[in-house]
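Residues per chain are reported as follows:
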Amino acid sequence: MVVDGTSYWHFFKMLSHAFRAQEENPEIPRPPVLTRWFPEGYGPVLNLPFSHHDQFISRLEPPRLRERIFHLSSESIAKLKSKANSESKTNKISSFQAVSALVWRCVTRARRLPHDQETSCTLAANNRARMDPPLPTEYFGNLAQTVRGNASAGELLRHRFGWAAWQFHEAVAGHCDAAVREWVGNWVKDPFIYQIEQFFGTFSLWMGSSPRFEMYENEFGMGRAVAVRSGNANKFDGKVTSYPGHEGGGSMDLEVCLPPETMAVLESDGEFMGAVCSY
């Protein structure tokens, strides 16, 4: 609620710098920017229209889940990106959009959904650079939003891999300053507290975090981290958390949460397992 992933990892970067500065002279990161941004005509204080905690607190009972870590090498990701762009006859699809398309298609197939069942896959979007004028990378707060691809299960699996990746490219390309300001403007007129069950349905996927965050670069006297993992919060059927791979170079780890029976099918999916290694 306080910060997004960009600010979260910037905070740890500053802590790491404070520790390492005792013994060496590392490059000093730029400090967080604490000046608040509000849409024109609003702020710096917003009054939330809630009179009882039931209006903004809900208790989430997570289902029985199995969590697995899947690793994608930089070579495997490059092949996925090349395939997605080749099939879509473009060069605009990013590595992460290609990886997200792979996960969306393969998890949808593993769920064995009816052909007419609507599905979606949501990606986190950093709004800082999308604003006009852009906000600093070091802006401290929660300036993340989401974009998503939508398709029926039959439509998603009937089309080629590149078609799914192109859905993400179009969603990301359309997420501009006007879209951000419209969303924020609507929120300040009718504010609500973000709750997972309001936005993610039974047949959705959520690609959280980012392989671009500097996780392994932080040092607190115990040497380089051997892995990055998350705790129990915000985990549900279809939650996928992405991390940079330990070896760097554009590699990626995916922390996938699914019911045990769905995970077993995913681990037997040729398209998926042909691209990843499991831990």
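Higher on the page you've got the structure.
Note that the structure is predicted; figures quoted are calculated from it, not measured.

One way to put it is that helix H2 (residues 74-88) packs onto helix H3 (residues 95-111) with a least axis distance of 8 Å and a crossing angle of 90°. Taken as axis vectors, H2 and H3 run roughly perpendicular relative to one another. Contacts from Ile77, Leu80, Lys81 and Ala84 of H2 reach H3 at Ser95, Ala98, Val99 and Leu102. Residues that form the contact of H2 with H3 fall into these classes: six nonpolar, one polar and one charged.

The next thing to look at is the pairing of strand S6 (residues 252-258). The buried fraction of S6 is high, at seven of seven residues. Burial along S6 is two-sided: Met252, Leu254, Val256 and Leu258 and Asp253, Glu255 and Cys257, pointing in opposite directions, are all buried. Pairing of strand S1 (residues 66-72) with S6 involves seven bridges; the strand directions are antiparallel. In the sheet register, arginine 68 faces S6, and the bridge partner there is valine 256. By the bridge criterion, five bridges tie strand S5 (residues 239-244) to S6 in an arrangement that is antiparallel. The residue bridging threonine 241 from the neighbouring strand is glutamate 255, located in S6.

Thresholds applied
Residues numbered from 1 in each chain as written. Predicted model: local features only at pLDDT ≥ 70, side-chain atom pairs only at ≥ 80, totals over all residues. Heavy atoms only, no water. Axes fitted to C-alpha atoms, helices over the stretch in contact; angles between N-to-C directions. Helix = DSSP H or I, 4+ residues; strand = E, 2+ residues; numbered from the N terminus. Parallel < 35°, antiparallel > 145°, perpendicular 65-115°, else oblique. Contact = heavy atoms within 4.5 Å. Nonpolar A, V, L, I, M, F, W, Y, C, P; charged D, E, K, R; others polar. Buried < 20%, exposed > 50% of the residue type's maximum accessible area, 1.4 Å probe, protein only. Pairing = 2+ DSSP bridges.

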